[in-house]
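# Residue-level structural notes
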Amino acid sequence: MPLVHSIRPNGHLARAAIRLSSLRCSPGAYISPRGRYSSSYAHLNAELTSRRLPLIFDYLSPQNSHLLDVSLADYLPQGSSRPSHYLPPASEANLLPFGHHLIYFPPPKTGSQLLPDGTDPDQSPGEPFVRRMWAGGHVRYNPDQALQVRLDGKPHVCVEGIRDVSVKGKEGDEKVFVGIERRVGRIEEDELAQLNSAHRSSSSADAAIQAAEDAIRARVWTAEPDEFGAAGIVERRNIVFMRERSPTDAAADAAKKPGKMLKPQRAPDFEHTVAPNDKLLFRYSALTFNAHAIHLDPAYCRNVEGHRNLLVHGPLSFTFMTTLLRLQLAKEGGQALVLREVEYRNLAPLYAGEPLRLCGRLVEEREGERRYEVWAETPEGGIAVKGTARVGSK
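Summarised in this report is the structure supplied together with it. Predicted, not measured: the structure shown is a model, and the values here were computed from it.

### Quick notes on the pairing of strand β14 (residues 383-393)
As judged from the nine bridges shared by strand β11 (residues 337-346) and β14, these two strands associate in the antiparallel manner. The residue bridging arginine 345 from the neighbouring strand is lysine 386, located in β14. As paired elements, strand β13 (residues 369-377) and β14 share nine bridges and run antiparallel to each other. Each bridged residue has a counterpart across the sheet, and for alanine 376 the counterpart in β14 is valine 385. Hairpin connection of β13 to β14: five residues between the antiparallel strands, including glycine 381 at a positive phi of 90°.

So, in structure tokens, the structure goes:
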């Protein structure tokens, strides 16, 4: 099955199409007997979940993980160990730290293949949903030692697919929620050799490549999202796509003061405040191969997206929360406690240069397992990110 790409007009044509569509109901929309609007965008679930997304390959060298540690070092609590100036050897084959999977397996796209806002077209529903935000996710690391992902310099594969799509909101103001699943596992030497052989073949190369990729997918992907299968890491990414807004509306939103917010109900057991700046956002964008303009271009944030400044990456706030929790676990149980799973939701934007309060508390402890609440707060004290973490024993 060929990879399906969204077709999107550029520049003035795109804006003109959006303005025209705002003057009428969406194509295929109708009013039900009860007066509620129904949208033809319901077809997006079948369309997006049938897309064949490309496999992504990476050599899991300690280099990227080391550079992330270096980038975060100035923002961690005093007394935290700082990364060495020297690169850790791959021969040690250390476990990939929880959350560091986000800086591996970058999208294999050229600049011209990206959408105008710098994002990957493979996950996009296309026009008119041209703005995207990271709404949350669910990350699980496999406890099976034989399948755990290690920084050993060896080749690994990320099998990505769209599990589900939902359209929410009233007619003309819908939002499309896309559930992306990424599964990381080791690629076998014979699989890699078969792929390389297919690429070198002068005849029937496409069929041979597809057959080799299908074999890898069949091994790593599972019909049920709860199953690990041959994957060492299973990640769910929830991405929300929204319609374009006018420059006037964007400017008005950028000038707004924070509205209603969800406040924490309990005091944290541990906390730490950071203020990610534009330098850190640039470094994290570089490590994740992320060209999304909301993290790089303040004028774009204000004039197109309606935000007052650069947005802190959803994955970066997640990385901060899980890093703080790992530091806390090291205090409580040394090497015996291991972070296994985190589920989280992004509830409000976080901005560069503003204080971000990271919090956590133990909520349940059973034999061999603990559960923590983790969250990140805005400068006004509202919850921006809310998550639950499961911790196990080695």
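### Digging into the pattern of salt bridges
Overall, the coordinates contain 28 salt bridges when judged by the stated rule. Arginine 163 serves as the salt-bridge partner of glutamate 181, at 2.9 Å between the closest nitrogen and oxygen. Within this pair, whereas glutamate 181 is found in strand β8 (residues 175-186), its partner arginine 163 is found in strand β7 (residues 155-168), the two being separated by 18 residues in sequence. Here arginine 237 ties to glutamate 235 by a salt bridge, and the two come within 3.1 Å at their closest N and O atoms.

### Examining the layout of surface pockets
By volume, the second largest pocket is sized at about 1400 Å³. Together, 49 residues line the second largest pocket, and Leu95, Pro97, Phe98, Arg326 and Gln335 are the ones closest to its centre. Put simply, the parts of the chain that give the lining of the second largest pocket at least two residues each are α3 (62-72), β4 (94-95), β10 (270-274), α9 (314-333) and β11. Of all the elements, α9 adds the most residues to the lining of the second largest pocket, at eight residues. A breakdown of the residues in the lining of the second largest pocket according to their chemical character gives 25 nonpolar, 16 polar and eight charged.

How each quantity is defined
Residues numbered from 1 in each chain as written. Predicted model: local features only at pLDDT ≥ 70, side-chain atom pairs only at ≥ 80, totals over all residues. Heavy atoms only, no water. Pairing = 2+ DSSP bridges. Helix = DSSP H or I, 4+ residues; strand = E, 2+ residues; numbered from the N terminus. Salt bridge = Lys/Arg side-chain N within 4 Å of Asp/Glu carboxyl O. 1 Å grid on protein atoms, 1.4 Å probe; cavity = no way out; pocket = protein on both sides within 12 Å on 5 of 7 lines; lining within 4 Å. Points joined across faces, edges and corners; volume = space filled by probe spheres on them. Nonpolar A, V, L, I, M, F, W, Y, C, P; charged D, E, K, R; others polar.

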